[in-house]
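# Remarks on the overall topology
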Amino acid sequence: MKVCPYCAHSNREGILFCEECGQVLYTEQGAATSTKRLPVGTGGLSAKGGWGTARFNQSATIMLHIRDNPSPIEVKPQQETILGRYDGSSSSTPTIDLTPFGAYENGVSRIHAAIRRGEDTLTLVDLGSVNGTHLNGQRLIPNQPRVLRDGDEIRIGKLVCHVFFKTSS
Amino acid sequence: MLDLYSVLGVKPDALEDDIRRAYRSAARRLHPDVNGHPGAANQFRDITAAHEVLTNLTERVKYDNKRRQIGTERPYFTLRVTPSARALPALNETQVLYLLIELVPDPTIDRSTTSTPLNLTLVIDHSTSMNGVRLERTKVAAHRLIDQLADSDILSVVAFSDRAEVLVKAAPMTDKNAAKTMITTIQAGGSTKIYEGLQAAYDQNRRYAGKNFANHIIFITDGRTYGDEAKCLTLAERCNEEGIGISAMGIGDEWNDVFLDQLAGITGGTSQYINSPNVVQRLLDERLRSLGQAVAERVTLSLAPDPDVIIENGFRLSPSAQPISIESDPVPIGQVLAQLPTSAIFTLQLPPLTEVGTRSLIRFAVEGDILWDRRTNYRLVADISLEVLTNPPIEEPPRIILDALSKLALYRIQQKAAEAAARGDIREATRKLETVATRLLAGGHTELANIAMAEARRLSSTHAISEEAQKALKYGTRHLLLPSEE
């Protein structure tokens, strides 16, 4: 089985393009065995040598490392965890308020993005934010969820964070 | 003459024991008791016939003598099969393998000097909706077509609406002006009853239909037919059996694309979408040229998968892009052209492969008539086996397969969007269309991407699909599969 990194559809072994969304699947295999170290942080994008796991256990939590902040936030993901900025006046409240991390200066929308729980995976979805959400340097299309993997870099407006899965076993 | 040695995959000097062994191993895969696939039954007949002749000493000597007399035959075309992986991983779950089939004409064949004699029937829809520029352009295109025919070519012309009228009876094209005049008289009026037109066309075409001609019906319509689809398809089957091909051209947005695809597909012909009446002429020209300069006619492909291998689907890539119906065997391919490659891609589902070693998967048999060289039933066989390894080396699949599949993926998602819309699942259809648009943009196909985006927006606001956008997407994504012109 091969899980599509774009739409999380499970494809049978040997399938080269995801049967649901047409995403190329074969490069993933090649990248996983590549021993070439790719430069990190060039041109404002961070490149990675491989993918972390997309598997997310029921009991696991995520550690959100926000750049330039020493201590990560630990989050127990709910069905939908909304990332955004609480400004005291609006009626909707994000699950994780990023105001202490300079959300306003970094262009984070009030309701910016969400982490959703799948069966065994997590997906990241942009909720129509003004400045966009990037996953590993790629801008997300609003309301189209993408699978979140261990070690992924997400950028909320200009706020860069890294996601790590923490399995409590 | 069928090369019996190649059918069994043995050398011409093989000993009788080797022949028996080869037959037994092939029979274990193809015998109707173990393999229910119709292709297996077809090919089992071949190996049984070969086995009968080659294991009977007197028969074999007779066959060998005949074979020596004919000498080595020139290869008119060859069959090339490219798998998506050179080795398969040993796995405890099902896996998928793609096979690209190419029929490659012998490069020494020059078809520009001689032309295959044609037996052509032109069927023109003259229902009310054809009135005006559609009918006028079609008439001009038909005139041009007549100009290009040789005196010895056979032409018949049928016009139809509610009922059919034979304008030009099937005969050698000696009086071109008379035929042209008859076409000029066509007036628009009535509704579209495709069966009437097809039946009259079949009656005309079969008068000359035979092994010496490239027999073909070209169908031009802009409408839907109601209630007689099943009759049309049965008639198309009969055309196929008698060696008559059908090509369909649909003008505008009203015609039933699924039906015309099916109709043409039965005979290995093509169906095309004409969004502007101006292209009727170009398409007719192309069709005529390809008919006249084919290397092989009435080509069929028989597929015999091993009992535990499933053929999931097939798609013709070139010279026209369209789905292949794999329910019956053999599959009509139409012609092998000299200038353009003939290729198709098949998706196979393989069972869990636990044993390491060589594993047989599928047998292909291609058969066709070489009209310009008076050679009928030219035949090729290919038996595909791959190595199963515990840890096969990771390598990039062949470019040609990736290219085809990346574009085929677009076509398939677009089809899923259409299916979802037809089911009334608007959310799913919109999402699929957005995905298609994203992928099209990434591939640099801005125009099609815009159509997909506009259609997605339309769909979410009006909850109704637009026939025009749907056809533009369907045939547009299909068109991407074709080798780029020039």
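As the structure is a computational prediction, the values presented were derived from the model and not from experiment. (Residues numbered from 1 in each chain as written. Chains lettered and ligands numbered in written order. Predicted model: local features only at pLDDT ≥ 70, side-chain atom pairs only at ≥ 80, totals over all residues.)

Quick look at the overall build of chain A now. A tally of regular secondary structure across chain A gives 1 helix and 13 strands. Expressed as a percentage of contacts within chain A between residues at least 6 apart in sequence, the contacts between residues at least 24 apart total 40%. (Helix = DSSP H or I, 4+ residues; strand = E, 2+ residues; numbered from the N terminus. Contact = placed C-beta atoms within 7 Å.)

To continue, consider the overall build of chain B. Each helix and strand in chain B was counted, giving 14 helices and 16 strands. Rg of the C-alpha trace for chain B: 24 Å, near the compact-globule value of 23 Å for 486 residues, within the 12% margin. Reported as C-alpha extents along the three principal axes, the dimensions of chain B are approximately 70 × 60 × 40 Å. Looking at the 486 residues of chain B, the share that counts as buried comes to 43%. Sequence-distant contacts, at least 24 apart, represent 75% of the contacts inside chain B between residues at least 6 apart. (Rg over C-alpha atoms; globule rule 2.2 N^0.38 Å. Buried ≥ 20, exposed ≤ 12 C-beta atoms within 10 Å, placed from the backbone.)

Of the residues lining the interface, 15 residues belong to chain A; the matching set on chain B comes to 20 residues. Per-class residue counts for the side of chain A that touches chain B are 8 nonpolar, 5 polar and 2 charged. (Nonpolar A, V, L, I, M, F, W, Y, C, P; charged D, E, K, R; others polar.)

For the rest of this paragraph, the subject is the nonpolar core. All names here are of chain B. Core analysis: the largest hydrophobic core is formed by 164 residues, its most contacted members being L8, V123 and A452. Looking at this core element by element, the count peaks at 11 residues for helix α11 (residues 399-423). Not counting residues up to four positions away in its chain, the partners in contact with V123 are V158, F160, G197, L198, A201, I217, I218, F219 and I220. (Core = buried A, V, L, I, M, F, W, Y, C linked by C-beta atoms within 7 Å.)

Here we take up the environment of D18 of chain B. Residues and elements named next belong to chain B. Note on placement: D18 falls in helix α2 (residues 16-30). The partly exposed category is assigned to D18, around which 14 C-beta atoms lie within 10 Å. In this structure, the C-alpha to C-alpha distance between D18 and L8, residues 10 residues apart in sequence, is 9.9 Å.

Residues and elements named next belong to chain A. Read from one edge to the other, the open sheet built from 6 strands follows the order β4-β3-β13-β12-β9-β10, with strand pairing classed as antiparallel. Each edge of the sheet is formed by a strand with only one pairing partner; in this case those strands are β4 (73-75) and β10 (138-139). Sheet topology note: the strand β3 (residues 61-66)/β4 ladder contains 3 bridges and is antiparallel. Bridging across to β4, L64 finds its partner in I73. (Pairing = 2+ DSSP bridges.)

In this section: helix α7 (residues 194-205) of chain B. Residue and element names in this part refer to chain B. Spanning 12 residues, α7 covers 16 Å between terminal C-alpha atoms, matching the ideal 16 Å at 1.5 Å per step. Burial analysis of α7 places 9 of its 12 residues in the buried class, which makes it a mostly covered element. Its buried side turned inward, α7 meets β4 (118-125), β5 (154-160), β6 (164-172), β7 (214-221), α8 (229-241) and β8 (244-251). (Expected span 1.5 Å × (residues − 1).)

So, about the domain arrangement of chain B. Residues and elements named next belong to chain B. Parsing chain B into structural domains produces domain 1 (1-73), domain 2 (76-106 + 304-367 + 378-395), domain 3 (118-292) and domain 4 (399-480). Centre-to-centre, using C-alpha coordinates, domain 1 lies 22 Å away from domain 2. Only α1 (4-8), α2 and α3 (38-54) provide two or more residues apiece to the side of domain 1 that touches domain 2. If one sorts the elements of the side of domain 1 that touches domain 2 by residue count, α3 sits on top with 6 residues. Across the side of domain 1 that touches domain 2, the residue classes break down as 6 nonpolar, 7 polar and 2 charged. (Domains from an automatic or database assignment.)

Residues and elements named next belong to chain B. Where helix α12 (residues 426-442) meets helix α13 (residues 446-462), the closest approach of the two axes is 8 Å, and the angle between their N-to-C directions is 160 degrees. By the angle between their axes, α12 is roughly antiparallel relative to α13. Note that α12 runs across α13; the crossing there is left-handed. Two secondary-structure elements touch here, α12 through I426, A429, T430, L433, E434, V436, A437, L440 and L441 and α13 through T446, L448, A449, A452, M453, E455, A456, L459 and S460. Along the lines of polarity and charge, the residues of the contact of α12 with α13 split into 13 nonpolar, 3 polar and 2 charged. (Axes fitted to C-alpha atoms, helices over the stretch in contact; angles between N-to-C directions. Parallel < 35°, antiparallel > 145°, perpendicular 65-115°, else oblique. Left-handed = near helix turned anticlockwise from the far one by under 90°.)

Once that is clear, we can look at the domain arrangement of chain A. All names here are of chain A. Taken domain by domain, chain A comprises domain 1 (1-38) and domain 2 (61-166). With centres defined by C-alpha atoms, the gap from domain 1 to domain 2 works out at 24 Å. Contacts between the two partners involve 4 residues from domain 1, matched on the other side by 5 residues from domain 2.

This next bit is on unusual backbone geometry. Residue and element names in this part refer to chain B. Geometrically, the link from D329 to P330 is a cis peptide bond, its omega value of 0 degrees lying close to zero. Looking at the secondary structure, you find P330 in the loop between β12 (322-324) and β13 (331-337). Phi angles above zero are rare outside glycine, and R298 is one such case at about 45 degrees. Residue position: R298 is located in strand β10 (residues 294-305).

On to α3 of chain B, then. Relative to the 24 Å expected for 17 residues at 1.5 Å per residue, α3 of chain B spans 25 Å between its end C-alpha atoms, a close match to the ideal helical length. In this structure, the buried side of α3 of chain B is in contact with α1, α2, α4 (57-70), β10 and β15 (357-370) of chain B.

Next up on the list: the environment of G357 of chain B. Residue and element names in this part refer to chain B. With respect to the helices and strands, G357 occurs in strand β15. Judged by the 10 C-beta atoms lying within 10 Å of it, G357 is exposed. Measuring from C-alpha to C-alpha, the distance between G357 and S247 comes to 45 Å, with 110 residues separating the pair along the chain.

Two modes of strand pairing occur in sheets, parallel and antiparallel, and in both the strands are linked by backbone hydrogen bonds. Residue and element names in this part refer to chain B. Read across the open sheet, the 5 strands follow the order β1-β3-β14-β11-β12; overall the sheet is antiparallel. One side of each edge strand has no neighbouring strand; the edge strands of this open sheet are β1 (77-83) and β12. The average angle at which neighbouring strand axes cross in this sheet is 25 degrees, direction not considered. Here strand β11 (residues 310-318) pairs with β12 via 3 bridges, running antiparallel. The residue bridging G314 from the neighbouring strand is I324, located in β12.

Right, let's get into the pairing of strand β16 (residues 375-389) of chain B. Residue and element names in this part refer to chain B. Where strand β2 (residues 87-89) meets β16, 3 bridges bridge the pair, whose relative direction is parallel. By the bridge assignment, A87 is partnered in β16 with E387. Pairing of β15 with β16 involves 12 bridges; the strand directions are antiparallel. In the strand pairing of β16, T358 is matched with E387. Counted between consecutive antiparallel strands, the loop separating β15 from β16 contains 4 residues, among which R374 sits at a positive phi close to 45 degrees.

Attention shifts here to the packing of α8 of chain B against helix α9 (residues 257-266) of chain B. All names here are of chain B. At their nearest, the axes of α8 and α9 sit 8 Å apart, and the two run at 20 degrees to each other. The orientation of α8 with respect to α9, classified from their angle, is roughly parallel. Crossing angle aside, the handedness with which α8 passes α9 is right-handed. Facing E229, C232, L233, A236, E237 and N240 of α8, the residues of α9 in contact are F259, Q262, L263 and I266. In the contact of α8 with α9, the residues fall into 6 nonpolar, 2 polar and 2 charged.

A few words on the pairing of strand β14 (residues 342-350) of chain B. Residues and elements named next belong to chain B. With 8 of its 9 residues buried, β14 lies for the most part within the structure. Relative to β14, strand β3 (residues 95-105) is paired through 9 bridges, and the arrangement is antiparallel. Bridging across to β14, L99 finds its partner in F346.

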